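# A closer look at the structure
These are the residues of each chain, in order.
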Amino acid sequence: MVKETELRHLRRCVELAAEALENGDKPFGSVLVAADGTALAEDRNRVAGGDQTRHPEFALARWAAANMTPEERAGATVYTSGEHCPMCAAAHAWVGLGRIVYASSSEQLMSWLAELRAPEAPVRPLPIQEVAPGIVVEGPVPELAEQVRALHRRFYAPR
Ligand SMILES: [Zn+2]
């Protein structure tokens, strides 16, 4: 169950995704939250510079590895506007982070991108649990997923 206090973190993820869009990056945003509910770090997609690995979930996994103990990482939750891609799901699991809560799923993203005739991704959109079966995953959250969908529409079909 996604609690009301957690929706605040997810809303921040959507804000970060909007900020990415405004800067020419793909609309994705994520927040890393400690076991006690404190937001520790946040990031947004930064692929516009040409490095397609600059996903926020990947950046947060590396931040967690550098700044948190294994126990702290295991108790932490990563909130994200869109479900982790396989690269980010693997990074999340490799650094031993805990739960993931997403506003929209990879399955939703794939159907939206198909509708928008976006170029096909070079990586298969496997669900997180196909990549990292030990991770507890929650989502999507319908009202926020609609907002994320609108951001992708603006990215691929600005008019
Ligand atoms: Zn990713």
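As shown above, the structure is provided for reference.
### Looking at the overall build of the protein
A tally of helices and strands in the protein yields seven helices and five strands. Secondary structure elements of the protein occur, N-terminal to C-terminal, as α-β-β-α-α-β-α-β-α-α-β-α. In terms of overall size, the protein behaves like a compact globule, its C-alpha atoms giving a radius of gyration of 14 Å where 159 residues would be expected to give roughly 15 Å. The principal-axis extents of the C-alpha atoms in the protein amount to approximately 45 × 30 × 30 Å. Scored against the burial criterion, the 159 residues of the protein give a buried share of 45%. Taking contacts inside the protein between residues at least 6 apart in sequence as the whole, the part at least 24 apart equals 61%. Of the roughly 8500 Å² of accessible surface on the protein, 52% is carried by carbon and sulfur atoms.

### Side note on the layout of surface pockets
Quantified by volume, the largest pocket comes out at close to 820 Å³. Forming the walls of the largest pocket are 35 residues, and the residues nearest its centre are Lys26, His55, Cys85, Leu109 and Ala121. Elements with a minimum of two residues in the lining of the largest pocket: helix H2 (56-67), helix H4 (86-94), helix H5 (106-115) and helix H7 (142-156). The dominant element in the lining of the largest pocket, judged by the number of residues it contributes, is H5, at five residues. Class assignment of the residues belonging to the lining of the largest pocket gives a composition of 20 nonpolar, ten polar and five charged.

### As for the nonpolar core
Counting 23 residues, the largest nonpolar core has Leu10, Tyr79, Leu144 and Leu151 as its most contacted members. The element contributing the most residues to this core is helix H1 (residues 4-22), with eight residues. Non-local contacts of Leu151, meaning those with residues more than four positions away in its chain, are made with Val14, Ala17, Ala18, Leu21 and Pro27.

### Describing the packing of aromatic side chains
Scanning the entire structure with this criterion turns up one aromatic pair. On the basis of an interplanar angle of 75 degrees and a centroid distance of 4.7 Å, the ring pair of Phe155 and Tyr156 is categorised as edge-to-face.

### A closer look at the environment of Ala90
Relative to the assigned elements, Ala90 resides in helix H4. Taking relative accessible area as the criterion, Ala90 reaches 23% and is therefore assigned partly exposed. Along the chain, Ala90 and Val31 lie 59 residues apart, while their C-alpha atoms are 17 Å from each other.

### Let's talk about the coordination of the zinc ion
Ideal values differ by geometry: the angle at a metal is 109.5 degrees with four tetrahedral donors, but 90 or 180 degrees with six octahedral donors. Around the zinc ion, the protein supplies His55 (ND1), Cys85 (SG) and Cys88 (SG) as donor atoms, at distances of 2.0 to 2.2 Å. Mapping the donors of the zinc ion onto the primary sequence yields the spacing H-x29-C-x2-C. Separated by 33 residues along the polypeptide, His55 in the loop between strand S2 (39-44) and H2 and Cys88 in helix H4 bring together distant segments of the chain. Classification of Cys88 as buried rests on a relative accessible area of 0%.

### A few points about the packing of H2 against H4
Two elements in contact, H2 and H4, have axes whose closest approach is 8 Å; the angle formed by their N-to-C orientations is 15 degrees. The angle between H2 and H4 places the two elements in the roughly parallel class. For the pair H2 and H4, the sense of crossing is left-handed. The residues of H4 that touch H2, namely those facing Glu57, Phe58 and Ala61, are Met87, Cys88, Ala91 and His92. Broken down by class, the residue content of the contact of H2 with H4 amounts to five nonpolar, one polar and one charged.

Scoring rules and cut-offs
- Residues numbered from 1 in each chain as written.
- Predicted model: local features only at pLDDT ≥ 70, side-chain atom pairs only at ≥ 80, totals over all residues.
- Heavy atoms only, no water.
- Helix = DSSP H or I, 4+ residues; strand = E, 2+ residues; numbered from the N terminus.
- Rg over C-alpha atoms; globule rule 2.2 N^0.38 Å.
- Buried < 20%, exposed > 50% of the residue type's maximum accessible area, 1.4 Å probe, protein only.
- Contact = heavy atoms within 4.5 Å.
- Areas by Shrake-Rupley, 256 points an atom, 1.4 Å probe, with all protein chains shown as cover.
- 1 Å grid on protein atoms, 1.4 Å probe; cavity = no way out; pocket = protein on both sides within 12 Å on 5 of 7 lines; lining within 4 Å.
- Points joined across faces, edges and corners; volume = space filled by probe spheres on them.
- Nonpolar A, V, L, I, M, F, W, Y, C, P; charged D, E, K, R; others polar.
- Core = buried A, V, L, I, M, F, W, Y, C linked by side-chain atoms within 4.5 Å.
- Phe/Tyr/Trp six-rings, centres within 6.5 Å; stacked < 30°, edge-to-face > 60°.
- Donors = N, O, S within 2.8 Å, 3.2 Å for Na, K, Ca; no water.
- Axes fitted to C-alpha atoms, helices over the stretch in contact; angles between N-to-C directions.
- Parallel < 35°, antiparallel > 145°, perpendicular 65-115°, else oblique.
- Left-handed = near helix turned anticlockwise from the far one by under 90°.

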